[in-house]
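# Summary of structural features
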Amino acid sequence: MFVSDHAKVNAAGNLEFSGVDTVALAQKYGTPLYVTSLDGVKASCAEFTAALDKHYGGNGMILYASKANCNKAICKTVSSCGFGLDVVSGGELYTALQAGVDPARICFHGNNKTETELRLAIENDVGRIFADSLAELDDIERIAGELGKKAKVLVRANPGVEASTHEYIMTGQVDSKFGLSIDKGDALAGVLKALASDNIELAGIDCHIGSQIFEVLPFVDEAEMLMNFLFSIRELTGVTLGELNVGGGFGVRYVPSDDPLSADRIIGAVAARVKRFCAENDFPEPFLMFEPGRAIVANNGITLYTVGCVKEIADVRNYVSIDGGMFDNPRYALYGARYTACVANKASQPADYRAAIAGKCCESGDLIGKEITIQRPERGDILAVFTTGAYNYSMASNYNRNPRPAMVVIDDGEDRIAVRRETYADLVSFDEE
Ligand SMILES: Cc1ncc(COP(=O)(O)O)c(C=O)c1O
């Protein structure tokens with residue numbers, strides 16, 4: 001009935017999420033409210049770890065792509081599950097360090113890392129830097145030299161798959177701001193530059209082909225292409241690079257028709273192809289990394305809102321307005337993301353009311369969805385939107401000077417605040433007279 005595994009209707013007829021009554025959560029903490037099930041996050045992490053163990057003897061690491069949802073509680077939780085952490089900015093890196101994540105398990109991504117960010121990473125001995133350009137390799141070489149360090153680096157390769165084969169990879173190929181093109185020889189130039197550096201230890205290559213991917217073939221093809229690249233590096237230079245990061249992008253269920261792959265299926269298929277390649281080409285099996293973001297958090301999060309005005313425009317559309325919107329969830333406004341929702345205090349009633357769920361910002365495009373079916377709503381009801389655990393809190397803003405919502409986490413069945421609600425005083429606290 002619900003897209004989330006953690007949602008059900010309880011005896012009071014309310015929506016329960018991860019064992020907790022959502023109406024009670026809304027009363028206790030106010031709305032809008034992000035709710036993240038850390039119990040669910042732990043279960044998702046365990047699935048990835050089990051798959052890596054089963055299919056690849058654990059010879060690798062799962063990195064949580066923290067851009068999906070980054071705060072201290074989530075960083076702590078995933079690292080307590082044995083995950084490494086992919087960070088993509090100084091702010092994410094700082095959050096991870098503040099959360100006590102072992103720097104050796106932090107990997108630093110990003111297509112335009114600043115001098116300050118690279119310094120912060122190298123000073124703190126992050127485990128790996130994923131270098132995105134030749135200029136960045138020069139920066140790493142220089143900064144590591146100045147700091148008397150040797151930086152462990154993977155070169156981000158752009159595999160350049162034909163669009164006709166996999167259109168979702170199209171933006172990740174030659175015409176992309178990310179990585180260095182294998183086809184154009186730029187990735188090899190990066191590898192040679194890194195190998196020639198005294199202050200860089202080149203460990204391998206990494207890649208990320210896209211997001212919300214529901215098929216296994218693109219990942220398997222990607223792995224094959226990257227293995228071919230590693231092989232050609234060995235042929236050319238005699239150097240065998242020992243690490244391969246195939247990135248993230250594993251799809252999740254936002255609407256019932258979405259049919260996500262399990263971690264077991266993705267990792268099983270990629271690991272099998274890598275192993276076969278290695279056996280056929282007498283190449284050592286690389287340390288293998290996967291980088292799920294959304295697959296760890298999206299379905300482990302919901303957002304609770306209070307319903308405000310309900311407008312029924314005869315023969316046109318119903319608009320159900322909520323006390324949140326694009327400032328806490330910009331994904332519909334950004335790219336027409338789809339969601340399902342439920343009136344949490346009427347969860348046992350039939351869902352037969354079709355409406356646009358509208359935010360409170362001054363933009364017509366400020367919607368959670370244009371056609372969402374929910375229980376008949378009234379002012380004051382609590383609306384739960386599902387699958388908001390990824391790229392909601394992390395993409396939130398203060399548009400229209402709205403304070404960002406609090407985040408409550410459910411940990412061992414208990415709820416607590418992980419991120420406090422912003423106040424109006426917070427909003428003006430950066431302003432000078
Ligand atoms: C390099 C890299 N790795 C991993 C991810 C995570 O993607 P997803 O959340 O779709 O798994 C992203 C997302 O943009 C990314 O850019």
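This text follows the structure it describes.
As a starting point, this report considers the structure included with it. (Residues numbered from 1 in each chain as written. Predicted model: local features only at pLDDT ≥ 70, side-chain atom pairs only at ≥ 80, totals over all residues.)

### Some details on unusual backbone geometry
Geometrically, the link from T31 to P32 is a cis peptide bond, its omega value of -10° lying close to zero. Looking at the secondary structure, you find P32 in the loop between α1 (22-29) and β4 (33-37). Phi angles above zero are rare outside glycine, and D315 is one such case at about 60°. Along the chain, D315 turns up in the loop between β14 (301-313) and β15 (317-322). (Helix = DSSP H or I, 4+ residues; strand = E, 2+ residues; numbered from the N terminus.)

### A look at the packing of helix α2 (residues 38-56) against helix α3 (residues 72-80)
When two helices pack together, their arrangement is given by the angle between the helix axes and by the axis-to-axis distance. Between α2 and α3, whose axes approach to 9 Å, the crossing angle comes to 35°. Between α2 and α3 lies a crossing whose hand is right-handed. Residues L38, V41, K42 and C45 of α2 pack against A73, I74, T77 and V78 of α3. Across the contact of α2 with α3, the residue classes break down as 6 nonpolar, 1 polar and 1 charged. (Axes fitted to C-alpha atoms, helices over the stretch in contact; angles between N-to-C directions. Left-handed = near helix turned anticlockwise from the far one by under 90°. Contact = placed C-beta atoms within 7 Å. Nonpolar A, V, L, I, M, F, W, Y, C, P; charged D, E, K, R; others polar.)

### Let's talk about helix α5 (residues 115-123)
All buried positions along α5 are accounted for by E117, L118, A121 and I122. Down the axis of α5, the buried set is contained in an arc of 125°. They therefore lie on one face. Turned more than 90 degrees off the buried face of α5, the exposed positions are E115, T116 and E123. Close packing links the buried residues of α5 with α4 (90-98), β7 (106-108), β8 (128-131), α6 (134-147) and β9 (151-158). In the stretch just after α5, D125 is the one whose phi turns positive, near 55°. (Buried ≥ 20, exposed ≤ 12 C-beta atoms within 10 Å, placed from the backbone. Arc of directions from axis to C-beta.)

### Let's talk about the nonpolar core
With 129 residues, the main nonpolar core has L85, V153, A341 and A384 as its most contacted residues. Two domains each provide a minimum of three residues to this core, namely domain 1 (7-37 + 298-428) and domain 2 (109-292). In this structure A384 touches L15, T22, I302, L304, A341, C342 and A344, once residues within four positions along its chain are discounted. (Core = buried A, V, L, I, M, F, W, Y, C linked by C-beta atoms within 7 Å. Domains from an automatic or database assignment.)

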